[in-house]
Amino acid sequence: MNSKKDKVLIANRGEIAVRIMEACKDLGLDFVSVYTEEDKDSGHITAARNLGGENAAYKIRSYNDAGDILSVADETRCTAVHPGYGFFSENFRFARRVTERDRPMTFIGPSWWVIRDLGDKINTKRLARKLGVPTIPGSDRAIYDELEAEEIAANLFDFQQKQGVKRPVVLVKASAGGGGMGIDEVYSIDEFRQVYRRIRNYSLRTFNDEGVLIEQRIFNFNHLEVQIVSERSGLNHVHFGTRNCSVQSPGRQKRIEVAPGFFPEGFAYSFDAKKVLEDIVEHSLSMAREIKYDNVGTWEWIVTPMGEPFLMEVNTRIQVENGVSAAISRIKGNDDVNLIREQIRLALGEEIGYTQDDVTFEGVGIEYRIIAEDTDNKFSPWAGEIEELSWKDHSWLKMHTHIPKELPYQIPTEFDPNLALAIIWGKDLKQAKERGYEFLNEFVLKGKDRKEVKLKSNLKFLAEKTNNILEF
């Protein structure tokens, strides 16, 4: 690392804050963690004080208050900021502010211009197509002309019919939108013009931009990811394999992640699954090389039942599921792989120190996201008090949680009710699933809300979905 000793401001909460603290400790770095009033009883504060000393936890008003966060960084003379995931992790303006202020610090993530360029879905699609990377069929720029839009839609309907899609669907999206806003489905070319005009007008009213994107709607697919790790120079890139994140809630929130992304050794897929994995890895690396990507990042893909991969987007941050990729990875034979640790040291200027040939993969990893939610009621968040949360230790299990050991603990309603992450390793898919069931059966989670209603969680859902992971 740099000749000076760095000190990291952790601008996040919960289990990711704890994992960043542990990685800093491994690297011999001092850190400061922040917390809000709602989080005053969170285990990440206890962890901060245990690992970093009494002065390692500072209270702020909000995790979304950049000024508050940076004033703590200045007061504690931090030299780097780690945003974790969510909050400011993909905010290029925050990253730029961190690095270009009067007292500049290192942003632990990609350079701000990389975040900006890849955060623009149209720009990402153009870059991908320039490199021959397959993207979801449709426009790669905002369309303002109705006749052009109609021609693109007609071609997409025709394309789907030739593929044998029984009920083709085209998506019409406000190009300036986000978070699911300004999107509608069209089922025939006859109704396209009406929907196009409605979305265009909505976009103009809401975003002051009447540009519209037209894309094919793909229904039955697997959601795969490629984990990339890059040096600050932007010249050296290594991948840490693939993940399958297809088990999700109805709101498209991931619940189970599996590494690798397919298991050709155990299933007869209707396509060459090994080649698909190799292709999406190489496509992702080609983009990383082209843009000189310079930290950790995830290339997100969808794969159709015919084995066709399409790039969805690039996430320019560490992801929740980084640990399941680490679980199956070995660096020069060493199984102590920690991608958050890699992220920090590379952001602070260290060289990678190994090549792709030094990275090998062994076994299958499963990550369960344990959440207080009512899976029978549209996965609605459950709010109440946790009275017991415990598990049995196993050599094949890693647990990450911010729930304090001193129970009971009231789940803050201001945040998603994520309780813990469990990462299971097995020598193959069969063993990983067996160990997954064993863990879920042993896991103890009890609590009640103010009306004495028992805690609701997704444990049963996780067990049901384990049966068919990595199948198509």
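Everything numeric in this text was worked out from a predicted model, so none of it was measured. (Residues numbered from 1 in each chain as written. Predicted model: local features only at pLDDT ≥ 70, side-chain atom pairs only at ≥ 80, totals over all residues. Heavy atoms only, no water.)

1. Observations regarding the overall build of the chain
Working step 1: Helix and strand counts for the chain stand at 13 helices and 23 strands.
Working step 2: Here the C-alpha radius of gyration of the chain, 23 Å, is about what a compact globule of 472 residues would show, namely 23 Å.
Working step 3: For the chain, the spread of C-alpha atoms along the principal axes amounts to about 65 × 55 × 55 Å.
Working step 4: Long-range contacts, defined as pairs at least 24 residues apart, comprise 68% of the intrachain contacts of the chain with a sequence gap of at least 6.
Working step 5: Of the accessible surface of the chain, which amounts to about 21200 Å², a share of 46% is contributed by carbon and sulfur atoms.
Working step 6: The average position of the 64 basic charges and that of the 74 acidic charges among the side chains of the chain differ by 2 Å. (Helix = DSSP H or I, 4+ residues; strand = E, 2+ residues; numbered from the N terminus. Rg over C-alpha atoms; globule rule 2.2 N^0.38 Å. Contact = heavy atoms within 4.5 Å. Areas by Shrake-Rupley, 256 points an atom, 1.4 Å probe, with all protein chains shown as cover. Lys, Arg positive; Asp, Glu negative; His and termini not counted. Charge placed at Lys NZ, Arg CZ, Asp CG, Glu CD.)

2. Side note on the nonpolar core
Working step 1: By size, the foremost hydrophobic cluster in this structure holds 63 residues, and its most contacted members are Val-8, Leu-9, Phe-31, Val-81, Phe-94, Phe-240 and Ile-344.
Working step 2: Ranked by residues supplied to this core, first place goes to helix 1 (residues 14-26) with 7 residues.
Working step 3: Contact partners of Val-81, with chain neighbours within four places excluded, come to Leu-9, Ala-11, Leu-70, Phe-94, Val-98, Met-105, Thr-106, Phe-107 and Ile-108.
Working step 4: Core analysis: the next-biggest nonpolar cluster, separate from the first, contains 60 residues, Ile-228, Ala-288, Trp-301 and Leu-311 among them. (Core = buried A, V, L, I, M, F, W, Y, C linked by side-chain atoms within 4.5 Å. Buried < 20%, exposed > 50% of the residue type's maximum accessible area, 1.4 Å probe, protein only.)

3. What about the sheet that holds strand 21 (residues 409-410)?
Working step 1: In spatial order, the strands read 21-19-23; together these 3 strands make up an open sheet with antiparallel pairing. Strands at the two margins of the open sheet, each flanked by one partner only, are strand 21 and strand 23 (444-448).
Working step 2: For strand 19 (residues 385-390) and strand 23, the ladder comprises 5 bridges, and the chain directions are antiparallel. Bridged to Glu-385 within strand 23 is Lys-448. (Pairing = 2+ DSSP bridges.)

4. Quick look at the packing of helix 1 against helix 2 (residues 43-52)
Working step 1: Across the interface, helix 1 lies against helix 2 with an axial gap of 9 Å and an inter-helix angle of 10 degrees. Here helix 1 is positioned roughly parallel relative to helix 2, judged by the angle of their axes. Taking contact as the criterion, the partners of Gly-14, Ala-17, Val-18, Met-21, Glu-22 and Lys-25 in helix 1 are, on helix 2, His-44, Ala-47, Ala-48 and Leu-51.
Working step 2: The residue inventory of the contact of helix 1 with helix 2, partitioned by class, reads 6 nonpolar, 2 polar and 2 charged. (Axes fitted to C-alpha atoms, helices over the stretch in contact; angles between N-to-C directions. Parallel < 35°, antiparallel > 145°, perpendicular 65-115°, else oblique. Nonpolar A, V, L, I, M, F, W, Y, C, P; charged D, E, K, R; others polar.)

5. A word on the packing of aromatic side chains
Working step 1: Under the criterion given, the structure shown has 19 aromatic pairs.
Working step 2: With a centroid separation of 6.3 Å and an interplanar angle of 35 degrees, the aromatic rings of Phe-262 and Phe-472 are classed as tilted. Here Phe-472 lies in the segment after helix 13 (459-466) and Phe-262 lies in the loop between strand 11 (254-259) and helix 9 (273-291), a separation of 210 residues in the sequence.
Working step 3: Ring-pair connections join several aromatic residues into one group, and the members of that group are Phe-262, Phe-267, Tyr-269, Phe-271 and Phe-472. (Phe/Tyr/Trp six-rings, centres within 6.5 Å; stacked < 30°, edge-to-face > 60°.)

6. Looking at the side chain of Ser-249
Working step 1: With respect to the helices, strands and loops of the structure, Ser-249 is situated in the loop between strand 10 (237-248) and strand 11.
Working step 2: What makes Ser-249 buried here is its relative accessible area of 7%.
Working step 3: Those residues in contact with Ser-249, other than ones at most four positions away along the chain, are Arg-255 and Phe-379.

7. Structural notes on the sheet that holds strand 5 (residues 106-107)
Working step 1: On the basis of which strands lie adjacent, the open sheet formed by 5 strands has the order 3-2-1-4-5 and parallel pairing. Looking at which strands have only one partner, the edges of the open sheet turn out to be strand 3 (57-59) and strand 5.
Working step 2: One ladder, built from 3 bridges, connects strand 2 (residues 30-35) with strand 3; its direction is parallel. Each residue of the ladder has a partner; that of Ser-33, found in strand 3, is Ala-57.
Working step 3: Packing of helix 2 onto the sheet brings it into contact with strand 2 and strand 3, and relative to strand 2 it is tilted by some 160 degrees.

8. Quick notes on the side chain of Ser-42
Working step 1: Checked against the element boundaries, Ser-42 lands in the loop between strand 2 and helix 2.
Working step 2: According to the relative accessible area criterion, Ser-42 is buried, its value standing at 2%.
Working step 3: Excluding residues within four positions of it along the chain, Ser-42 makes contact with His-402 and Tyr-409.

9. Quick word on the pattern of salt bridges
Side chains that differ in sign of charge can pair as their charged atoms come close.
Working step 1: Going through the model one piece at a time under the given rule, you end up with 43 salt bridges.
Working step 2: Glu-90 is the salt-bridge partner of Arg-317, the closest N and O atoms lying 2.9 Å from each other. Of the two residues, Arg-317 is situated in the loop between strand 13 (309-315) and helix 10 (322-328) and Glu-90 in the loop between strand 4 (80-82) and helix 4 (92-100); the sequence distance between them amounts to 227 residues.
Working step 3: According to the relative accessible area criterion, Glu-90 is partly exposed, its value standing at 34%.
Working step 4: Salt bridges sharing common partners tie together Glu-225, Arg-243, Lys-254, Glu-257, Glu-300, Glu-321 and Arg-369. (Salt bridge = Lys/Arg side-chain N within 4 Å of Asp/Glu carboxyl O.)

10. A short note on helix 4
Working step 1: For helix 4, every residue scored as buried is listed here: Phe-92, Phe-94, Ala-95 and Val-98. Projected down its long axis, helix 4 shows its buried positions confined to an angular sector of 160 degrees, all on one face. Seen from the buried face of helix 4, the exposed residues on the opposite side, beyond 90 degrees, are Arg-93 and Glu-100.
Working step 2: Contact partners of the buried residues in helix 4: helix 3 (66-75), strand 4, strand 5 and helix 5 (112-119).
Working step 3: The N-cap of helix 4, judged by a side-chain oxygen 3.0 Å from the amide nitrogen of Arg-93 a few residues on, is Asn-91. (Arc of directions from axis to C-beta. Polar contact = N/O pair within 3.5 Å; in protein donor to acceptor, adjacent residues only side chain to side chain.)

11. Digging into the environment of Gly-182
Working step 1: For Gly-182, the position within the fold is in the loop between strand 6 (170-174) and strand 7 (183-186).
Working step 2: Note: C-alpha distance between Gly-182 and Glu-300 (118 residues apart in sequence) is 22 Å.
Working step 3: If we ignore the near neighbours within four places in the chain, the residues touching Gly-182 are Val-172, Lys-173, Ala-174, Ile-199 and Tyr-202.

12. Some points on the environment of Val-314
Working step 1: Checked against the element boundaries, Val-314 lands in strand 13.
Working step 2: By relative accessible area, which is 4% here, Val-314 ends up buried.
Working step 3: Each residue touching Val-314, except ones within four places of it in the same chain, is listed here: Glu-90, Leu-118, Thr-124, Met-287, Thr-298 and Trp-299.

The values are spatial; any link to function lies outside them.
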